[in-house]
Every structure is written in structure tokens, then in C-alpha cells.
Amino acid sequence: VEKDGQQLKTRIRELNESAVTWQERAKESKEKDKEKAIECLRRKKRAERELSALEVQLAEHSKTEVLLKKELSAVEGKLVELKRQRNIMRTRESNALARTTCGTREVDLVTEIADVFDRWEAKVTEYEAIADPSVTDFDDLEDQFATEEEHRELEAELQSLS
């Protein structure tokens, strides 16, 4: 439609130029050849009539083009809305399918797996306690003496620095 509008505008410009050219030719031929000058004016009038008809056609074409652009914009907006709805429906479908596929049995399975890990962790902790009894048999008194001894050693080292 836009291309047709451009072609109409081009043709109108050409007819305007043609009418001016025929008028100039008529002026030039007026004294030398009157019949030729009359034919030039006849062609100028024909170009003006065609120009007038094309201007009316261009006005109608412009109205149609504006209307088509509005309709196209509305269709594009509707298309965007439909794509958004399609995406929402795909998401809902995937969600429903996933929930159908993963019924209550899968939820129970996940709980069972978590219980297995809990039992495994308890067993590993038990083995660690058996392998290194110092981890579970913590002696507070020994820890106090070790801390005090370390503190005295550090103070002695500090005194030697002065």
C-alpha cells in the first residue's frame, strides 16, 4: 500500500512537470506554429485532468492507508496478547503435566530418600565416635591445664622480647 502511494506521488509529480513543460512549449510555439501551440495546450489540459484525478485517488489512498495501519496495529496488539496467552497456557500445561506425572508416590519417595540420608548420617556419626573416642570423651580439666600452660609459655616469650 505504501509502495502504491509512493507511485501515485511520483506520477503526480511527473504530471505537474509535464503540465509546466507543455505550457512552456505552447508559449514558445505560439508565434511560430499556432496549431502546435494549441496541441501543447491540449496536452497540458490532459495532464491537468489526469493530475486532478490522481490527486483525488491519492487522497482516498491516504485514507485507506491510515485505516489499514490502524487495523494492522490492532492485529499486531492482538497477536502479542495471543502469544502471551499461549505462553501462559504452555506453562500451566507443563505444571499440570508435571503434577500428574509426579503424584503422591513421588512425594513419598522424596521423604523416604531424606530419611535414608538422616539414618546414614547417624550411622556415620556413630562410626566416627567409635574410631576417635577423644571426640566424644572431652576432658574439661585437661583442656584448662593445656590452656593455662600455653598462656604461661606465651607470657614468657613476651617477657623475653623486651
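You'll find the structure just up there.
Bear in mind that the values here come from a model prediction, so they are computed numbers and not experimental data.

Draft legend 1. View of helix H1 (residues 2–29). Along its 28 residues, H1 runs 40 Å from first to last C-alpha, staying within 8% of the 40 Å computed at 1.5 Å per residue. If you check which residues of H1 are buried, you get Gly5, Leu8, Ile12, Leu15, Ala19, Trp22, Ala26 and Ser29. Elements in contact with the buried residues of H1: helix H2 (34–101).

Draft legend 2. Seen up close, the packing of aromatic side chains. Summed over all chains, the structure comprises one aromatic pair. Judged by centre distance (5.9 Å) and plane angle (25 degrees), the rings of Phe117 and Trp120 are stacked. Of the two residues, Phe117 and Trp120 both sit in helix H3 (residues 104–131), three residues apart, roughly one turn of that helix. According to the relative accessible area criterion, Phe117 is partly exposed, its value standing at 49%. For the cation-ring pair, Arg25 lies above Trp22, with the distance from its terminal atom to the ring centre recorded as 4.6 Å.

Draft legend 3. How the structure looks around the nonpolar core. Counting eight residues, the largest nonpolar core consists of Leu8, Ile12, Leu15, Ala19, Ala47, Leu51, Leu54 and Leu58. Of all the elements in the fold, those that place two or more residues in this core are H1 and H2. Once residues within four sequence positions are removed from consideration, Leu15 is found in contact with Ala47, Glu50, Leu51 and Leu54.

Draft legend 4. Spotlight on a negative patch on the surface. Negative charge collects at one region of the surface, where Glu148, Glu149, Glu150 and Glu153 lie side by side. Glu153 gets classed as exposed once you look at its relative accessible area, which sits at 57%.

Draft legend 5. Representation of the side chain of His61. Secondary-structure assignment places His61 in helix H2. Contact partners of His61, with chain neighbours within four places excluded, come to Val1, Asp4, Gly5 and Leu8.

Draft legend 6. Molecular detail of a nonpolar patch on the surface. The grouping of Leu109, Ile113, Phe117, Trp120 and Val124 at the surface amounts to a nonpolar patch, some 490 Å² of accessible area in total. For Ile113, the position within the fold is in helix H3. Here Ile113 falls in the partly exposed class, since its relative accessible area comes to 43%.

Draft legend 7. Inspection of the pattern of salt bridges at higher detail. Scanning the model with the defined rule gives nine salt bridges in all. The shortest N-O distance in the salt bridge between Arg11 and Glu50 comes to 3.0 Å. Here Glu50 lies in helix H2 and Arg11 lies in helix H1, a separation of 39 residues in the sequence. For Arg11, a relative accessible area of 33% puts it in the partly exposed group. The network of salt bridges with common partners includes Glu2, Glu65 and Lys69.

About the thresholds
Residues numbered from 1 in each chain as written. Predicted model: local features only at pLDDT ≥ 70, side-chain atom pairs only at ≥ 80, totals over all residues. Heavy atoms only, no water. Helix = DSSP H or I, 4+ residues; strand = E, 2+ residues; numbered from the N terminus. Expected span 1.5 Å × (residues − 1). Buried < 20%, exposed > 50% of the residue type's maximum accessible area, 1.4 Å probe, protein only. Contact = heavy atoms within 4.5 Å. Phe/Tyr/Trp six-rings, centres within 6.5 Å; stacked < 30°, edge-to-face > 60°. Lys NZ or Arg CZ within 6 Å of the ring centre and 35° of its normal. Core = buried A, V, L, I, M, F, W, Y, C linked by side-chain atoms within 4.5 Å. Patch = residues over 30% accessible without salt bridge, like charges linked within 9 Å, V, L, I, M, F, W, Y side chains within 5 Å. Areas by Shrake-Rupley, 256 points an atom, 1.4 Å probe, with all protein chains shown as cover. Salt bridge = Lys/Arg side-chain N within 4 Å of Asp/Glu carboxyl O. Lys, Arg positive; Asp, Glu negative; His and termini not counted. Charge placed at Lys NZ, Arg CZ, Asp CG, Glu CD.

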